[in-house]
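Topology and contacts: notes
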Amino acid sequence: EVHRASRGAWGGSYVDQNIKKLVERILGDKVSRKLTDNDWLRFTRQSIEKAKQSIVNDTDQVFFDVPNEMHTAISECGSSLEEAAKSVSGVKARRGRLSLDVKL
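First things first, this report covers the structure right here in the doc. This one's a predicted model, so the numbers in the text were calculated from it and none came from an experiment.

Here we come to helix α4 (residues 68-76). Of all the residues in α4, the buried ones are M70, A73 and I74. Down the axis of α4, the buried set is contained in an arc of 100 degrees. They therefore lie on one face. For α4, the exposed residues set more than 90 degrees away from the buried face come down to N68 and E76. In this structure, the buried side of α4 is in contact with α1 (12-27), α2 (29-34), α3 (37-54) and α5 (81-85). Note on α4: the residue one or two positions beyond its end, G78, has a positive phi of about 80 degrees.

Put into structure tokens, the structure is as follows:
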């Protein structure tokens with residue numbers, strides 16, 4: 001550990017919460033309500049953490065794998081990941097993944 005935690009509003013949990021809010025916005029209320037706490041926990045542990053570890057200084061896009069539970073919830077609501085991604089500027093969906101512009 002290079003520096004000790006400072007508990008500021010820029011730590012890992014704060015980042016996770018904001019990414020979750022953005023993904024909820026992308027998916028919409030109907031789909032988000034279908035997802036359980038365990039679905040969100042799996043997304044945080046598998047997708048968000050993996051994405052955070054892949055970021056380097058010159059990164060302009062961050063990619064998130066979308067778990068099967070999210071794909072299922074989206075299709076049950078009559079939509080697709082690609083359609084959901086179009087609802088937010090700077091977001092794209094391809095091959096079961098979300099691509100977010102880092103400026104979001």
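Text resumes after the structure shown.
So, about the packing of α1 against α3. Following both chains from N to C, one finds α1 and α3 inclined at 110 degrees, their axes separated by 11 Å at the closest point. In this view, α1 runs roughly perpendicular relative to α3, as classed from their interaxial angle. Handedness of the crossing formed by α1 with α3: right-handed. Along its contact with α1, which presents G12, V15, D16, I19, K20, V23, E24 and L27, the element α3 presents W40, F43, T44, I48, E49 and K52. Residue composition of the contact of α1 with α3, grouped by class: 7 nonpolar, 2 polar and 5 charged.

Inspection of every chain in the model, using the stated rule, returns 9 salt bridges. A salt bridge links D39 to R42; its shortest N-O distance comes to 3.7 Å. Taken together, the residues span about one helical turn, with D39 and R42 both in helix α3 at a distance of 3 residues. Judged by its relative accessible area of 12%, D39 is buried. The class of R42 is partly exposed, set by a relative accessible area of 31%. Residue R42 pairs with E69 through a salt bridge whose shortest N-O separation is 3.0 Å. Residue R42 is located in helix α3, and its partner E69 is located in helix α4; the two are separated by 27 residues in the primary sequence. Residues joined in a network through salt bridges with shared partners are D16, E49 and K52.

Cut-offs applied
- Residues numbered from 1 in each chain as written.
- Predicted model: local features only at pLDDT ≥ 70, side-chain atom pairs only at ≥ 80, totals over all residues.
- Heavy atoms only, no water.
- Buried < 20%, exposed > 50% of the residue type's maximum accessible area, 1.4 Å probe, protein only.
- Helix = DSSP H or I, 4+ residues; strand = E, 2+ residues; numbered from the N terminus.
- Arc of directions from axis to C-beta.
- Contact = heavy atoms within 4.5 Å.
- Axes fitted to C-alpha atoms, helices over the stretch in contact; angles between N-to-C directions.
- Parallel < 35°, antiparallel > 145°, perpendicular 65-115°, else oblique.
- Left-handed = near helix turned anticlockwise from the far one by under 90°.
- Nonpolar A, V, L, I, M, F, W, Y, C, P; charged D, E, K, R; others polar.
- Salt bridge = Lys/Arg side-chain N within 4 Å of Asp/Glu carboxyl O.

Geometric descriptors of this kind do not, in isolation, establish any biological role.
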